[in-house]
Amino acid sequence: MRVATAEQALNILQDHDNIWCQSMAATPYFLLQALAKVALQKKDLTLLQLHTEHSQLLCDPVLAGHLRQRCFFVGGSTRQAVQQGLADYVPILRNPQIISSRRATFRRCFNSGLATG
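The sections below set out a description of the structure shown in this document. Quick caveat, the model's predicted, so the values are computed rather than measured.

You can see Asp 17 is positioned in the loop between α1 (6-9) and β1 (18-21). Accessibility expressed as a relative area gives 1% for Asp 17, which makes it buried.

Set out below in structure tokens:
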């Protein structure tokens, strides 16, 4: 399927989806910006991320009920949201088994700027 915009690419998201987002230098910023808009039309999305840079726009209280972050590392862009109860912190000590096991089921993945399902 060809798409022209990040918002169109995110139309694959469905209510209650778990989304994994690549982190650090591979963070797909343009998809996160689009996610902040698209999430308002969805219910109960969960963004799982290790250390996603510049994700503070996803910490906006207006996204409550639409999108919640589950952070495996708390950095500058998520610290305030975790402290205010707008995001969850899951200390995993970089244990790759928790991500690759059945404990985390991903229907969608943002990886190196691509959305896949």
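Structure shown, so let's carry the discussion forward.
This next bit is on the pattern of salt bridges. One pass over the structure, following the stated rule, counts 2 salt bridges. Between Glu 7 and Lys 37 there is a salt bridge, and its shortest N-O distance comes to 3.7 Å. Here Glu 7, found in helix α1, pairs with Lys 37, found in helix α2 (residues 29-38); they are 30 residues apart in sequence, far enough to count as distant. Classification of Glu 7 by relative accessible area gives partly exposed; the value is 30%. Given the relative accessible area of 53%, Lys 37 is considered exposed. A salt bridge links Arg 68 to Asp 88; its shortest N-O distance comes to 2.8 Å. With Arg 68 in strand β3 (residues 67-71) and Asp 88 in strand β4 (residues 87-89), the pair connects residues that are 20 residues apart, well separated along the chain. You can call Arg 68 partly exposed: its relative accessible area is 31%. Its relative accessible area of 25% is what places Asp 88 among the partly exposed residues.

Ranked by internal contacts, the top residues of the largest apolar core, which has 17 residues, are Leu 10, Leu 35, Leu 45, Leu 47, Leu 58 and Leu 67. Listing elements by their share of this core, those giving two or more residues are β1, α2 and β2 (45-49). A total of 6 residues in this core trace back to one element, the largest contributor, which is α2. Apart from the residues within four sequence positions on either side, Leu 47 is in contact with Ile 19, Cys 21, Leu 32, Leu 35, Leu 58, Leu 67, Arg 68, Gln 69 and Arg 70.

Further remarks concern the environment of Gln 8. Of note, Gln 8 is situated in helix α1. Residue Gln 8 is classed as partly exposed on the basis of its relative accessible area, which comes to 36%. In the structure, Gln 8 is positioned 26 residues away from Ala 34 in sequence and 9.0 Å away in space, judged by C-alpha atoms. Engagement of the side chain of Gln 8 in a polar contact is seen with the backbone nitrogen of Ala 4, the distance being 2.6 Å.

Further remarks concern unusual backbone geometry. Unusually for a residue other than glycine, His 16 sits at a positive phi of about 75°. Inspection of the secondary structure puts His 16 in the loop between α1 and β1. On the basis of relative accessible area, His 16 is assigned to the exposed category, the value being 53%. Even without being glycine, Asp 44 reaches a positive phi, approximately 60°.

Basis of the calculations
- Residues numbered from 1 in each chain as written.
- Predicted model: local features only at pLDDT ≥ 70, side-chain atom pairs only at ≥ 80, totals over all residues.
- Heavy atoms only, no water.
- Helix = DSSP H or I, 4+ residues; strand = E, 2+ residues; numbered from the N terminus.
- Buried < 20%, exposed > 50% of the residue type's maximum accessible area, 1.4 Å probe, protein only.
- Salt bridge = Lys/Arg side-chain N within 4 Å of Asp/Glu carboxyl O.
- Core = buried A, V, L, I, M, F, W, Y, C linked by side-chain atoms within 4.5 Å.
- Contact = heavy atoms within 4.5 Å.
- Polar contact = N/O pair within 3.5 Å; in protein donor to acceptor, adjacent residues only side chain to side chain.

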